[in-house]
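In case you want the letters, here they are:
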Amino acid sequence: MSLESMAGHSAEFFAKCFGREPKWMVAAPGRVNLIGEHTDYNEGFVLPMAIERYMFVAADRNANRHATLHSVTTGETAKFNLRPRVEQGEPAWSNYVRGVVAGFQRRGERVNGFDAVIDSTLPYGGGLASSAALEVAIATLLETVSGHALDPVEKALLCQRAEHEFAGVPCGIMDQFTSTLAKQDHALLLDCRTRSATSVPMSDPAITVLVINTHIRHKLADGEYAKRRSECETAARVLKCRSLRDATIPVLNGARKQLDPVVFRRARHVISENERTVKAAQAIEAGRWELMGQLMYASHDSLREDYQVSCRELDTIVEIAKRIPVKEGMIGCRMTGAGFGGCAVCLVKTDALRHITHKIDDAYEEALGETLEMFSSRPAGGARVLSWAPGSPKSARTGKTSSRQGRGAGGEIRHVEG
Ligand code: GLA
C-alpha cells in the first residue's frame, strides 16, 4: 500500500473513532539493517536503511488533559493523563507513546490533550523496528504541535530513552536514528560512538533489497538482548577498554584465558562485525556487490555461532540463499535486527527478483512446511509530516471515503519535509 493510501486509511479510521478529521498526519519508517548487528550498544558501526513500511499517526487536539490513542493493529484504545506527569501503563504498546510524551515534558514542553489513531504497514514485532517508528512518529507529531523542532540526534536519543525507561528494553540507537535521519535512496553508516551518520548511496536500480519475514517471535528476546549487552560490557571490562569498539581481534585473542568462553565469543562477534560493517559501506560505495554479499554471509555465521541470536527459520533462509549463486542473482543474505526470529535481508539482482523469491519460497516450504512473507523496498526517507488538506464536507461528516487510493476522509496528501 502506498504512503498516500495508507495515510488515507488512517484518516478514515480517525474519523470513525473521533467523529472529525485529523489535523495532523505523520509517517515514520521502519528499518532493515544491511549489516552491523549488535554493535550499536558497543559504540560501533551499523549500516541500516529505512524501508517503505511506516507507522502512521493521525491526530488532533482534544479539549481535556488526556491522550486517547487507538491502535488499528491491536484494536485497543489507550487513554492516559498527561498531567501532572505521564506514567507507565497498559496496553504495553502505549508505553512507547507515554515515554516520548514524558521526554518532551522533561524538556519543559507543555503537552496538551490529543486524540490519535496509530496505524502501520510494518509487521508488529517483526524485527523491523516498529516500536522505534512509533516513538519517532509521536516525537514528530509533538514537534509539529508545539512548533519546536528538535535537533535530530536529540530526538533520536529522546525516543531511545523512552524505550529504555518506559518499555524496559535497553536498546542501542540504530532504530530511532534511522527512522529519524534516513535519506531516500541511501543507507546510513552510523558511528554509534560519535553519533555521526554518513549517507551511502544505494540507488543502483540493478540491485534490490528483499526482506523476508519468518513470523517468528521469541518471547525471551528482550531478556536475551539485555544478557548479550551485559556480556559485552563484561568483555570490555576485562579487555580494559571503554567499549568493544576499541578492541581488536589480536587484543581479544591475547586475553582469551581471562575470558569466559561465551563472553569471548560475544566479543569476537562484535569486533569482527564492526570491521565487516566499515568494509561493507566501502563495498556498496564501490559497487563491489559480490564482496558485500560475502560480508553479509560472514555476519550471519558470526551471529549464529558466536552471538547465538539466530534461529532455525533464519538459518534455513540463509542456507537456501547460499545455494543460489551470484550469477543467478543472489548477492547475499543474513538475519537482520535483534534476532531470535524476525526477518532476514537479502541483496538481489533486480532482474532475478521473481526467480529468487519463488526459489526461496519453494525451498523453505519444502524444508519447514511453512510459507514466508517477502517484500522489496527502496531505501526510504526518514519521518515526516504529511500536510493534510481537508476535503469534501460530505466525507468529513460521514467519515466515509469512496476510495483508499491516495485519499482519506476526503483529504489530499502532500509531502512536507519533517
Ligand atoms: C534491536 C535494537 C537495536 C540493535 C539491534 C541489533 O533492533 O533496538 O538498537 O541493537 O537490535 O543490532
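Just above, that's the structure.
Keep in mind it's a predicted model, so treat the numbers as computed, not measured.

What counts and what doesn't
- Residues numbered from 1 in each chain as written.
- Predicted model: local features only at pLDDT ≥ 70, side-chain atom pairs only at ≥ 80, totals over all residues.
- Heavy atoms only, no water.
- Helix = DSSP H or I, 4+ residues; strand = E, 2+ residues; numbered from the N terminus.
- Buried < 20%, exposed > 50% of the residue type's maximum accessible area, 1.4 Å probe, protein only.
- Contact = heavy atoms within 4.5 Å.
- Lys, Arg positive; Asp, Glu negative; His and termini not counted.
- Charge placed at Lys NZ, Arg CZ, Asp CG, Glu CD.
- Core = buried A, V, L, I, M, F, W, Y, C linked by side-chain atoms within 4.5 Å.
- Salt bridge = Lys/Arg side-chain N within 4 Å of Asp/Glu carboxyl O.
- Pairing = 2+ DSSP bridges.
- Axes fitted to C-alpha atoms, helices over the stretch in contact; angles between N-to-C directions.
- Parallel < 35°, antiparallel > 145°, perpendicular 65-115°, else oblique.
- Left-handed = near helix turned anticlockwise from the far one by under 90°.
- Nonpolar A, V, L, I, M, F, W, Y, C, P; charged D, E, K, R; others polar.
- 1 Å grid on protein atoms, 1.4 Å probe; cavity = no way out; pocket = protein on both sides within 12 Å on 5 of 7 lines; lining within 4 Å.
- Points joined across faces, edges and corners; volume = space filled by probe spheres on them.

A. Expanded view of the overall build of the protein. Looking only at helices and strands, the protein features 12 helices and 14 strands. Taken over 418 residues, the protein has a buried fraction of 59%. Summarising the internal contacts of the protein: among those between residues at least 6 apart in sequence, 72% fall at separations of at least 24. Of the charged side chains in the protein, 53 are positive and 50 negative, and the gap between their average positions amounts to 4 Å.

B. Representation of the nonpolar core in the model. Counting residues in hydrophobic clusters, the biggest one holds 66 residues, and the most contacted among them are Leu34, Leu47, Leu69, Val100, Phe114, Met292 and Leu347. In terms of residue count, helix H3 (residues 130-146) provides more of this core than any other element does, 8 residues in total. Here Leu347 is in contact with Leu34, Ile207, Thr208, Val209, Trp289, Met292, Met296, Gly329, Met330, Ile331 and Gly332, once residues within four sequence places are set aside. In terms of nonpolar packing, the next biggest core, distinct from the first, is built from 46 residues, Ala255, Val309, Leu353 and Ile356 among them.

C. Quick peek at the pattern of salt bridges. Overall, the coordinates contain 26 salt bridges when judged by the stated rule. Arg31 is paired through a salt bridge with Asp175; the nearest N and O atoms lie 2.7 Å apart. In this pair, Arg31 is assigned in strand E1 (residues 24-35) and Asp175 in helix H5 (residues 174-181), connecting sequence segments 144 residues apart. For the pair Arg31 and Asp175, one class covers both residues: buried. Across the salt bridge formed by Arg334 and Glu273, the nearest N and O atoms sit 3.9 Å from each other. Taken as a pair, Arg334 in strand E9 (residues 330-336) and Glu273 in helix H8 (residues 261-285) lie far apart in primary sequence, 61 residues in all. The two residues Arg334 and Glu273 agree in class, both being buried. Within the structure, one salt-bridge network assembled from shared partners comprises Asp301, Arg304, Glu305, Glu319 and Lys322.

D. The environment of Glu12, seen in detail. Within the secondary structure layout, Glu12 lies in helix H1 (residues 3-18). Separated by 157 residues in the primary sequence, Glu12 and Val169 have C-alpha atoms spaced 33 Å apart.

E. Seen up close, the sheet that holds strand E10 (residues 343-349). The 4 strands are arranged E9-E10-E8-E11 in an open sheet whose pairing can be described as antiparallel. What marks the edges here is a single partner per strand, and that holds for E9 and strand E11 (373-377). For this sheet, the mean inter-axis angle between neighbouring strands, taken without regard to orientation, is 25 degrees. In the sheet, strand E8 (residues 207-213) pairs with E10 via 7 bridges, with the strands oriented antiparallel.

F. Up close: the pairing of strand E2 (residues 45-61). Among the 17 residues of E2, 15 are classified as buried, and the element is accordingly described as predominantly covered. Examined bridge by bridge, E1 and E2 share 10 bridges and lie antiparallel to one another. Bridge pairing in E2 links Pro29 to Tyr54. Of the strand pairs in this sheet, E2 and strand E6 (residues 186-191) are connected by 2 bridges, and their pairing is antiparallel. Its bridge partner lying in E6, Val46 is registered against Leu190.

G. Summary view of the packing of H3 against helix H4 (residues 152-166). One can describe the packing of H3 onto H4 by two numbers: an axis separation of 9 Å at closest approach and a directional angle of 125 degrees. Between H3 and H4, the interaxial angle falls into the category oblique. When the axes of H3 and H4 are compared, the crossing they make is right-handed. Between H3 and H4, the residues in contact are Ser131, Ala132, Glu135, Val136, Ala139, Thr140 and Glu143 and Lys155, Cys159 and Glu163, respectively. A breakdown of the residues in the contact of H3 with H4 according to their chemical character gives 4 nonpolar, 2 polar and 4 charged.

H. Structural view of empty space enclosed by the protein. Taken as a whole and judged by the stated rule, the model has 1 cavity of 30 Å³ or more. In this structure, the largest cavity occupies an estimated 50 Å³ of space. Forming the boundary of the largest cavity are Met202, Ser203, Asp204, Ile207, Val209, Trp289, Ser377, Arg378 and Pro379. Counted by class, the lining of the largest cavity contains 5 nonpolar, 2 polar and 2 charged residues.

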